[in-house]
Amino acid sequence: MKLKQLEGLLGSLEQFYNPKIELEQYPTGSHIASRMLYTAENSFGDVTNKVVADFGCGCGTLGIAAALLGAQHVVGLDIDAESLEIASENADELELDMEFVQCDIRNLRWEGQIIDTVVMNPPFGTRRKGADMDFLCVALKVASEAVYSLHKTTTREHVRRTALRDCHASSAEVLCELRYDVPHLYKFHKKKEVDIAVDLWRFVPKKNQ
Amino acid sequence: MRLLTHNMLSSNIKGVTNGFPLRIEVEKVVEKSVDFNPDFLKNMFAKIEYKALVEASRIMGYAELPDHAEPSMLESDDFLRKFHHALMELHLEEGTLVCPETGRRFPVNKGVPNMLLHEDEV
């Protein structure tokens, strides 16, 4: 599938009706999501025929992108039932088989090493400090091949240090810097729309932890 | 929920040491066909808990998988197709997952297991 085609399909997905600020629910734009998964597959072969988990999947954009690129088994995990409902409808709409589990990523316990790749757009930790690093540490435990994640560019050194020192990453690499459009979703947003710089990361877990 | 997903889920209650496999109680099973991908299945065979899959598939009403399997059986198309069906095509649509250690029940509605914990279980 071509990048433009992937971006187009993702652009048709339903997004949050009533976003919940305490969960830092922001939609992952089709521009970013398509580039993230396209890079994961075309540069690293981490998607097609793989088992992929989408952490904090929200409306399912990243997981659906993985399924569109031929992932064999995709599981979306989120704490919020309403989001999972939308994600499930989104997957149905595109006739994709995608699995969902309602859970809190922070206390996920997973058996074995079945997951190859984790993709995620974690809460950036602006509401609850450290939320993104909590997600990352669990992702690096669960994934056997790679973790793709978005983090604010301003936190780059912190993310690198934490991943390598505390989360058992064997490597942490910024693949590119992207603009994340934050639409005017919440009342405390003063500006109509802002974009912030985010890094697309690829982390590789240490084996046999 | 496919049995592949069931094969990775574990009871996540604080203090539980033996949370796998979750026992399945069935209300409704559905079957959804998936393209047969032998390479994927061979790769999965090495990663999954086969015994848990066999038990789960029987509870779901599919009794075709042998009790024991070894890698040499992956050369058999017949075995691979059964393995494929059990792992990828059987879905628990409605039912319950039960923690083997505490008996705590996790509901499955519309194919989605709810693994959220209460405050005193975290």
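First things first, this report covers the structure right here in the doc. Just so it is clear, the model here is predicted, and its values are computed rather than measured. (Residues numbered from 1 in each chain as written. Chains lettered and ligands numbered in written order. Predicted model: local features only at pLDDT ≥ 70, side-chain atom pairs only at ≥ 80, totals over all residues. Heavy atoms only, no water.)

### What about the overall build of chain B?
Item 1. Across its full length, chain B carries 4 helices and 4 strands.
Item 2. Ordered by position from the N terminus, the helices and strands of chain B form the series α-β-α-α-α-β-β-β.
Item 3. By its C-alpha atoms, chain B is 50 × 25 × 20 Å across when sized along the principal axes.
Item 4. For chain B, buried positions account for 52% of its 122 residues.
Item 5. For chain B, contacts bridging at least 24 residues in sequence account for 66% of all contacts bridging at least 6.
Item 6. One way to put it: in chain B the 14 positive side-chain charges average out to a point 3 Å from where the 20 negative ones average out. (Helix = DSSP H or I, 4+ residues; strand = E, 2+ residues; numbered from the N terminus. Buried < 20%, exposed > 50% of the residue type's maximum accessible area, 1.4 Å probe, protein only. Contact = heavy atoms within 4.5 Å. Lys, Arg positive; Asp, Glu negative; His and termini not counted. Charge placed at Lys NZ, Arg CZ, Asp CG, Glu CD.)

### Considering the sheet that holds strand E2 (residues 90-98) of chain B
Residues and elements named next belong to chain B.
Item 1. One open sheet holds the 4 strands; their spatial order is E1-E2-E3-E4, and the pairing between them is antiparallel. Looking at strand neighbours, the two that pair on one side only are strand E1 (23-31) and strand E4 (112-113), the edges of this open sheet.
Item 2. Bridge analysis of strand E3 (residues 105-109) against E4 gives 2 bridges, and the strand direction is antiparallel. Bridging across to E4, Asn 109 finds its partner in Val 112.
Item 3. In this fold helix H4 (residues 77-89) packs onto E1 and E2, with an angle of close to 60° to the strand it touches most, E2. (Pairing = 2+ DSSP bridges. Axes fitted to C-alpha atoms, helices over the stretch in contact; angles between N-to-C directions.)

### A look at the state of the cysteines
Residue and element names in this part refer to chain A.
Item 1. A full pass over the atoms with the stated rule returns 1 disulfide over all chains.
Item 2. The disulfide partner of Cys 137 is Cys 167, and the gap between their sulfur atoms is 1.9 Å. Taking the sign of the torsion about the S-S bond as the criterion, the disulfide between Cys 137 and Cys 167, at about -45°, is left-handed. Of this pair, Cys 137 sits in helix H5 (residues 131-142) while Cys 167 sits in the loop between helix H6 (156-166) and strand E6 (169-183); the two residues are 30 residues apart in sequence, bridging distant segments of the chain.
Item 3. Note on Cys 57: no disulfide assigned, nearest cysteine sulfur contributed by Cys 59 at a separation of 8.2 Å. (Disulfide = S-S within 2.5 Å.)

### Focus: H6 of chain A
Residue and element names in this part refer to chain A.
Item 1. Within H6, burial applies to Val 159, Thr 162 and Ala 163. Buried residues of H6 fall within an arc of 100° about the axis and therefore sit on the same side.
Item 2. The first or second residue beyond H6 is His 168, which carries a positive phi of 60°. (Arc of directions from axis to C-beta.)

### Quick look at the pairing of strand E2 (residues 73-78) of chain A
Residue and element names in this part refer to chain A.
Item 1. Counting buried residues in E2 gives 6 out of 6 residues, a clear majority hidden from the surface.
Item 2. Sheet analysis places strand E1 (residues 51-55) next to E2, joined by 5 bridges and oriented parallel. The residue bridging Asp 54 from the neighbouring strand is Gly 76, located in E2.
Item 3. What joins E1 to E2 is helix H3 (residues 61-68), and the crossover it makes is right-handed.
Item 4. For the crossover that starts at E2, traverses helix H4 (residues 81-93) and ends in the parallel strand E3 (residues 99-102), the hand is right-handed. (Right-handed = clockwise from strand over helix to strand, strands pointing away.)

### Brief notes about the side chain of Glu 7 of chain A
Residue and element names in this part refer to chain A.
Item 1. Secondary-structure assignment places Glu 7 in helix H1 (residues 3-11).
Item 2. Classification of Glu 7 as buried rests on a relative accessible area of 17%.
Item 3. When sequence neighbours within four positions are dropped, the list of residues in contact with Glu 7 reads Ser 30, His 31, Ser 34 and Arg 35.

### So, the environment of Glu 7 of chain A
Item 1. Through-space distance from the C-alpha of Glu 7 of chain A to that of Ile 32 of chain A is 8.6 Å; in sequence the pair is 25 residues apart.
Item 2. Only 2.9 Å separates the side chain of Glu 7 of chain A from the side chain of Arg 35 of chain A, close enough to count as a polar contact. (Polar contact = N/O pair within 3.5 Å; in protein donor to acceptor, adjacent residues only side chain to side chain.)

### Describing the interface of chain B and chain A
Item 1. Residue-level contacts link 34 residues of chain B with 24 residues of chain A.
Item 2. Of the roughly 2,400 Å² buried where chain B meets chain A, counting both sides, 53% is carbon and sulfur surface.
Item 3. Sorting the residues of chain B by area buried against chain A places Met 8, Lys 47 and Leu 116 of chain B first, and these three jointly supply 26% of that buried surface.
Item 4. For the pair chain B and chain A, the number of links is 3 salt bridges.
Item 5. Salt-bridge contacts for Asp 116 of chain A lead to Lys 47 of chain B; the nearest nitrogen and oxygen are separated by 3.0 Å.
Item 6. Viewed at the interface, chain A and chain B are joined by 16 residue pairs in polar contact (both at pLDDT 80 or more).
Item 7. Elements that contribute at least two residues to the side of chain B that touches chain A include exactly helix H1 (3-6), helix H2 (38-45) and E4 of chain B.
Item 8. Grouping the amino acids of the side of chain B that touches chain A by side-chain chemistry returns 18 nonpolar, 10 polar and 6 charged. (Buried area = accessible area lost by both parts, 1.4 Å probe. Salt bridge = Lys/Arg side-chain N within 4 Å of Asp/Glu carboxyl O. Nonpolar A, V, L, I, M, F, W, Y, C, P; charged D, E, K, R; others polar.)

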